[in-house]
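# An overview of the molecular structure
Chain by chain, the residues run as shown.
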Amino acid sequence: MNAGPASTPRSGRVFGAVGLMLLLAACAGEVRAADPDTIIFPTRPSGGLAAPAAAVAGGFNSLTLVVAAVLAGVGGWSVWRHRRRPGGAPGRPALAVEETRPLGNRQYLVVANYEGRRFLLGVCPGRIEMLAPLPADPAPRPSVP
């Protein structure tokens, strides 16, 4: 298995960095809006109805929620798009079952390929045995009319 720079896609790191920057910007704005040194005293409206101060802060909280939902969607899409296949490598898997033939009563012959090497395996309940190594290039099959 290769564990190197190719194991994490570049676009996933870019999406992660952009998302982190947007999240930090949203959190920094939220901290500035709720500064603990600022004291707010209630006052009486001077004629007419005054707009509540919470409406401005509520709008900012909704914006933060929308940004967080968009970032979660982009992150989920990025993870889904760049998910790794079983076997570790993003390309062809290292282990593959090329062919299977039943022999009856839960017994099978299996041709398995591991990193270009082929093996004939016998599978029955409770055990798996390697019967023989096979040549790397399979013999040409006769055409059936």
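Quick look at the confidence of the model for the protein now. For the protein, the average pLDDT comes to 74, and 59% of its residues sit at 70 or higher. Confidence drops under pLDDT 50 across residues 1-8; counting only partners more than four residues distant or on other chains, this segment forms four contacts.

Take unusual backbone geometry next. Within the chain, R106 stands out as a residue other than glycine whose phi angle is a positive 60°. The exposure class assigned to R106 is exposed, which follows from its relative accessible area of 59%. A positive phi angle, near 50°, is found at E115, a position not held by glycine. On the secondary structure map, E115 appears in the loop between β2 (108-114) and β3 (117-124).

Take a nonpolar patch on the surface next. On the surface, V66, V70 and V74 cluster together into a nonpolar patch covering about 230 Å² of accessible area. With respect to the helices, strands and loops of the structure, V66 is situated in helix α2 (residues 54-81).

Rules behind the numbers
- Residues numbered from 1 in each chain as written.
- Predicted model: local features only at pLDDT ≥ 70, side-chain atom pairs only at ≥ 80, totals over all residues.
- Heavy atoms only, no water.
- pLDDT = per-residue confidence, 0-100.
- Contact = heavy atoms within 4.5 Å.
- Buried < 20%, exposed > 50% of the residue type's maximum accessible area, 1.4 Å probe, protein only.
- Helix = DSSP H or I, 4+ residues; strand = E, 2+ residues; numbered from the N terminus.
- Patch = residues over 30% accessible without salt bridge, like charges linked within 9 Å, V, L, I, M, F, W, Y side chains within 5 Å.
- Areas by Shrake-Rupley, 256 points an atom, 1.4 Å probe, with all protein chains shown as cover.
- Salt bridge = Lys/Arg side-chain N within 4 Å of Asp/Glu carboxyl O.

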